[in-house]
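Structure at a glance
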There are 4 protein chains.
Amino acid sequence: MINFRTDLATERTEIYKKTEGIEGTINGIETQKKDINDKISVEIVKIINEEGERAIGKPKGIYTTIDIKGLKIAQEDEINQSAQVLSEELKNIIESHIDKQGEILIVGLGNETVTPDALGPKTINEIEVTRHFINYMPQYVKEGTRMVSAISPGVLGTTGIETVEILQGVVQNTKPKLVIVIDALASRSIERISSTIQISDTGIVPGAGVGNTRKEISEKTLGVPVVAIGIPTVVELATLISEGIDIFIERLQEKAESNDYLNKLQQNDKYEEVKEALNIGDYNMIVTPKEIDGLIENMKEIVSQGINLAM
Amino acid sequence: MINFRTDLATERTEIYKKTEGIEGTINGIETQKKDINDKISVEIVKIINEEGERAIGKPKGIYTTIDIKGLKIAQEDEINQSAQVLSEELKNIIESHIDKQGEILIVGLGNETVTPDALGPKTINEIEVTRHFINYMPQYVKEGTRMVSAISPGVLGTTGIETVEILQGVVQNTKPKLVIVIDALASRSIERISSTIQISDTGIVPGAGVGNTRKEISEKTLGVPVVAIGIPTVVELATLISEGIDIFIERLQEKAESNDYLNKLQQNDKYEEVKEALNIGDYNMIVTPKEIDGLIENMKEIVSQGINLAM
Amino acid sequence: MINFRTDLATERTEIYKKTEGIEGTINGIETQKKDINDKISVEIVKIINEEGERAIGKPKGIYTTIDIKGLKIAQEDEINQSAQVLSEELKNIIESHIDKQGEILIVGLGNETVTPDALGPKTINEIEVTRHFINYMPQYVKEGTRMVSAISPGVLGTTGIETVEILQGVVQNTKPKLVIVIDALASRSIERISSTIQISDTGIVPGAGVGNTRKEISEKTLGVPVVAIGIPTVVELATLISEGIDIFIERLQEKAESNDYLNKLQQNDKYEEVKEALNIGDYNMIVTPKEIDGLIENMKEIVSQGINLAM
Amino acid sequence: MINFRTDLATERTEIYKKTEGIEGTINGIETQKKDINDKISVEIVKIINEEGERAIGKPKGIYTTIDIKGLKIAQEDEINQSAQVLSEELKNIIESHIDKQGEILIVGLGNETVTPDALGPKTINEIEVTRHFINYMPQYVKEGTRMVSAISPGVLGTTGIETVEILQGVVQNTKPKLVIVIDALASRSIERISSTIQISDTGIVPGAGVGNTRKEISEKTLGVPVVAIGIPTVVELATLISEGIDIFIERLQEKAESNDYLNKLQQNDKYEEVKEALNIGDYNMIVTPKEIDGLIENMKEIVSQGINLAM
């Protein structure tokens, strides 16, 4: 199988089509694009059968990608607009699984003390929870309000416990009808860092993006549907360099015409070789914009507002 | 019953003795003091039967108080020494309940974004967890190492879930033999703010100190022994003022001799009256040293080191 | 002179009138009130001569107080509205001193690592500075834009340098036409904590509110007009308790009629006595709402937006 | 001139020797190495004349580099040891310029809200300043104590003022005999991120490492000697990739023997080309270990302890 090194379904379909030389659509995958305005666009990738699953290595389900241009310098207006779009897409996915009053548990994955990993816990701090009001002060709550609770379970490295174990316990005790998890992802594209949101209804493998694969958080492990909101915050260094070398080889070939060595090399996966050559060793090197702290603040606003609106 | 307005067993025994005019010991309560050095002293209060329970309104068990003078300006040495004392006392209590390899779950209560309430979560960040190493990389772990895990479950106001519900889930799934909870307490004494540590084996009612009583976290609700480490970080304003007025009335009486109004007033609970008169309203006013951020950093060091040493 | 224990001109005029038994206006002081809406009101105190100065112990000038009810639970709308009001009042004061293009230096006083003292530095982080654009990229800046720069000079305790010394250096080198300083104040009233803004054109004595008087920052020391934006974030404990006792004595007197001891006591300044009796010692105890971290975030939004709008 | 893309004198000498094919020493540059223990080593590069200056593009002076292995997992002991080494080297350099009582101003450059840029301001928070004690409470200070003050002036982007303008003002008003500046640097080597310290007595050009060159901070601009403590916290992405491609071309050549295109390409500076090809655009992409927050905490400890010991 292709080693995609991205969690985004949209990037995977592009890579698959390029690698296999496919011009039109992939069997088993439907895609659809719409521009909301000149800054925000939405793409929906539906994997409808096992052929689609095998092609891009993701389970059957819906993967909605929202792209926001210029988030770095976004003003309040654009943040509100992006939150509105996220809210709409999120509602569509939620309402395909549960009714308007079904209780929801929102989970912020990641480590608040590690900047590019802090998006989940930071977003949780802004969620408007209602579960305790409905339980303890029902007289103050408008009839029909959805029960919402929220938790940041921490990461294996600081808790010693698999996140899925904590969530299984919480789900068993509080019995939500659906779980939303928010997590940082890896992407292949620098442009997507903290400016793309992927919503899917197939759950998540936390840490997959940053090289520490953990146990799956999904309907299979939690017993209720799991909607994942993933935001790329890093690109892995070796991924980026091996991509850089590919671009470089293409340019060489344009000039050098056929060069057997070059052709062969481009077909190989240079990831491990580059990793070794650059002496990256046991550091988990990531590529991030210098402005990552500010970008994550803006993205936190969008995701928390988007969720609060959708509830 | 007396309204103690303190979570510290040692303060409660003093108040009880003063109110009841008891000179020696309280029936059902044993106390013991020792000075570690000129800055650190330890007091152990044992409630041994129901008479003791009724007297100070706390369940049967051991309550160890460690007092540290001058923590505000403490250097590394004094912090290490205090951690050492905490570690000894904690080991005594733990080993009276489980054996040296029994798995322990450490829980940091409180809200990291509210300074005087952040001690629990901040301490958790410094705990050396081992559970995942023992589970996934047993070859790197010294035989006989205790399994330790750690979690910050958040507070009802931001999660919508009672803390005990989250912990019940985690305990059911990870099956520790003992739980240690770390929480901020209320005290009656300004001098104790962030310079006293109470260790007890009777669990905790989170938020009791700061006016938001929550469901008990104890062996009764979790099914395993619960050791609580509590640190006073605030004094409630109305408590302090009604105490101030008591002192004031005493001084008046010394001069005015018998004054019926004063006598009667001193016997009443002025807390609610003062609260109303000062228009404290629905703010939850607290008294805290201006240096609270720094004090909590020092205390975090002591508690996390103390726990790590005891494990 | 009366010991006012508040930095707010409006509180001082009230205390002065009460102490002196004045019903109408104080000679040398003009006041004016207006309600913006049911949540926001504005009061302007003008000290017009030396008689006014002597009465309330503040230099001649304008003191505008903006009161905002319910800031604790304020939504975006109310924050924007409050910022709008602050912006109007600030513009009035600035334009009475310099023209629309006169360069302004904004200074955030206080210590970012001490929660109730962090408002100044936190606000500075949100100010839109333009000075460097105008200097280095004039082609991108709209004609007539005011030069704005911003600095957080730290506090004496962590820099070892008087704030005014740092500012004198910066003012000499960058030559602004006016300086705006933002600082935390002390108030006598719990209700004013982080819900009142005082704007004055007479400069500031930093730390005056929290017991560490420093050198004056004003036109006298900096050579250009200094507009101060002050926000009460703490009430001193002893102030509050001695006020509590006053209220208490009044109630006693209502019942006990004439009581010489009580009468005499009420006239004394009980501050020092209370401080000693409660053993407050060398801690600088403050009274603060538990929600102070959140309140300061909201206030930071208002002040930074208000300034940005006024520029 | 060679485009070095590193602030470290030791990396520059290596690059220069490799590019020029020099085996022994560079004219005008003296180097000296010592191993403190198996984790810590020190290298001193002295540029002694203009020939040395021209070779590596740095002004005459001493450049001491301390390398610390395994800082990521460093314990208290290793941190203390590293601080000790820094303190010794720093004392050597300071004492070659001023006497034991000469007043020192310590400056933390960088932006505290941007993780890889926060080292300077974070270190300043831990410096033990004495200037105000000596000025206001000389009776409590041991005779012969050096006056130390400390400031974090912020960055041009948030103040609108060139850092050197602020420092000129402060130096004019407080008259220190020497200035120490702490700043984040760029390196060419991933291994050096937050594990190398360079001390030099030639001042600094802030932001040079991260692509925003600002005005020089040196004896020339401040009028007193400027010792710079620089710590690499980032590698620029395009630097790293063009290095990656060089390594890659070398491997190609080993197999392909002479290849004119490859030879020519390796001699070109691919930095700009790579930057463009990868669409890095106006983001300032950096490469950083995922653990950068923790590394910066450890490094802050070493630098602040090292400075405090040297004072």
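Residues numbered from 1 in each chain as written. Chains lettered and ligands numbered in written order. Predicted model: local features only at pLDDT ≥ 70, side-chain atom pairs only at ≥ 80, totals over all residues. Heavy atoms only, no water.

Residue and element names in this part refer to chain C. Within strand β6 (residues 178-186), nine of the nine residues are buried, which leaves it mostly tucked inside the rest of the structure. Because side chains alternate across β6, one face comprises the buried residues Leu178, Ile180, Ile182, Ala184 and Ala186, and the other comprises Val179, Val181, Asp183 and Leu185, equally buried. In the sheet, strand β4 (residues 104-108) pairs with β6 via five bridges, with the strands oriented parallel. Across the sheet, Ile104 pairs through a bridge with Leu178, a residue of β6. Sheet analysis places β6 next to strand β8 (residues 226-236), joined by eight bridges and oriented parallel. Directly across from Val181, in β8, lies its bridge partner Ala228. (Buried < 20%, exposed > 50% of the residue type's maximum accessible area, 1.4 Å probe, protein only. Helix = DSSP H or I, 4+ residues; strand = E, 2+ residues; numbered from the N terminus. Pairing = 2+ DSSP bridges.)

What follows covers the environment of C:Thr239. For C:Thr239, the position within the fold is in helix α9 (residues 237-256). Here C:Thr239 falls in the buried class, since its relative accessible area comes to 2%.

Reports often express the size of an interface as the amount of accessible area lost when the parts come together. Taken together, the contact pairs 27 residues of chain A with 27 residues of chain B. When chain A packs against chain B, close to 2200 Å² is buried across both sides, 52% of that on carbon and sulfur atoms. A salt bridge links A:Arg131 to B:Glu165, with the shortest nitrogen-to-oxygen separation between them at 3.3 Å. Put simply, the parts of the chain that give the side of chain A that touches chain B at least two residues each are α5 (131-136), β5 (148-151), α6 (156-159) and α7 (163-174) of chain A. The element best represented in the side of chain A that touches chain B is α7(A), accounting for eight residues. Residue composition of the side of chain A that touches chain B, grouped by class: nine nonpolar, 14 polar and four charged. (Contact = heavy atoms within 4.5 Å. Buried area = accessible area lost by both parts, 1.4 Å probe. Salt bridge = Lys/Arg side-chain N within 4 Å of Asp/Glu carboxyl O. Nonpolar A, V, L, I, M, F, W, Y, C, P; charged D, E, K, R; others polar.)

We now examine the nonpolar core. Membership of the largest hydrophobic core comes to 88 residues, with the highest contact counts inside it found for A:Ile106, A:Ile197, A:Ile229, D:Ile106, D:Ile197 and D:Ile229. Excluding residues that lie within four positions of it along the chain, D:Ile229 makes contacts with D:Leu90, D:Ile180, D:Val181, D:Ile182, D:Asp183, D:Ile197, D:Gln198, D:Ile199, D:Val303 and D:Ile307. The next biggest cluster of nonpolar side chains, apart from the first, holds 84 residues, and it includes B:Ile79, C:Ile231, C:Val303 and C:Ile307. (Core = buried A, V, L, I, M, F, W, Y, C linked by side-chain atoms within 4.5 Å.)

Residue and element names in this part refer to chain A. At a minimum axis distance of 7 Å, the contact between helix α3 (residues 76-95) and helix α12 (residues 292-310) shows a crossing angle of 45°. In terms of orientation, α3 and α12 fall into the oblique class. As for the relative orientation of α3 and α12, their crossing is right-handed in sense. Contacts between α3 and α12 involve Ile79, Asn80, Ser82, Ala83, Gln84, Leu86, Ser87, Leu90 and Lys91 on the former and, on the latter, Asn298, Glu301, Ile302, Val303, Gln305, Gly306, Ile307, Leu309 and Ala310. When grouped by side-chain class, the residues that make up the contact of α3 with α12 number nine nonpolar, seven polar and two charged. (Axes fitted to C-alpha atoms, helices over the stretch in contact; angles between N-to-C directions. Parallel < 35°, antiparallel > 145°, perpendicular 65-115°, else oblique. Left-handed = near helix turned anticlockwise from the far one by under 90°.)

This part takes up unusual backbone geometry. If you check the backbone angles, A:Lys175 has positive phi at about 50° while not being a glycine. Relative to the helices and strands, A:Lys175 is located in the loop between α7 and β6 (178-186).

The next point concerns the side chain of D:Ser187. Along the chain, D:Ser187 turns up in the loop between β6 (178-186) and β7 (196-200). Engagement of the side chain of D:Ser187 in a polar contact is seen with the side chain of D:Glu11, the distance being 3.0 Å. (Polar contact = N/O pair within 3.5 Å; in protein donor to acceptor, adjacent residues only side chain to side chain.)

In this arrangement, two copies of a chain are superimposed by a rotation about an axis accompanied by a shift along the axis. Under the fitted operation, chain A is carried onto chain B by 0.0 Å of movement along the axis and a turn of 180°, and the coordinates agree to an RMSD of 0.1 Å. Here the copies are linked by what is in effect a two-fold axis. Within chain A, A:Gly169 has its C-alpha nearest the rotation axis, a separation of 1.7 Å. The share of interface residues of chain A whose copies in chain B are also at the interface is 100%, consistent with both copies meeting through the same surface. (Least-squares fit on C-alpha atoms with pLDDT ≥ 70 in both.)

Our focus in this paragraph is the pairing of strand β4 (residues 104-108) of chain A. Most of β4(A) is tucked away: five of the five residues are buried. Of the two faces of β4(A), both are covered, the one formed by A:Ile104, A:Ile106 and A:Gly108 as well as the one formed by A:Leu105 and A:Val107.

On the surface, A:Phe133, A:Tyr136, A:Met137 and A:Tyr140 cluster together into a nonpolar patch covering about 430 Å² of accessible area. Position of A:Met137 relative to the elements: it lies in the loop between α5 and β5. (Patch = residues over 30% accessible without salt bridge, like charges linked within 9 Å, V, L, I, M, F, W, Y side chains within 5 Å. Areas by Shrake-Rupley, 256 points an atom, 1.4 Å probe, with all protein chains shown as cover.)

All names here are of chain D. Relative to the assigned elements, Val107 resides in strand β4 (residues 104-108). Judged by relative accessible area, Val107 falls into the buried class, the value being 0%. The residues contacting Val107, other than those within four sequence positions of it, are Ile124, Ile151, Pro153, Leu167, Val179, Ile180, Val181 and Ile182.

What follows deals with the confidence of the model for chain A. All names here are of chain A. The share of residues in chain A with pLDDT of 70 or more is 82%, and the mean pLDDT across the chain is 83. Ranking the helices and strands of chain A by mean pLDDT puts β4 first, with 96, and helix α11 (residues 271-277) last, with 57. Among the scores for the predicted complex, ipTM is 0.83 and pTM is 0.84. (pLDDT = per-residue confidence, 0-100.)

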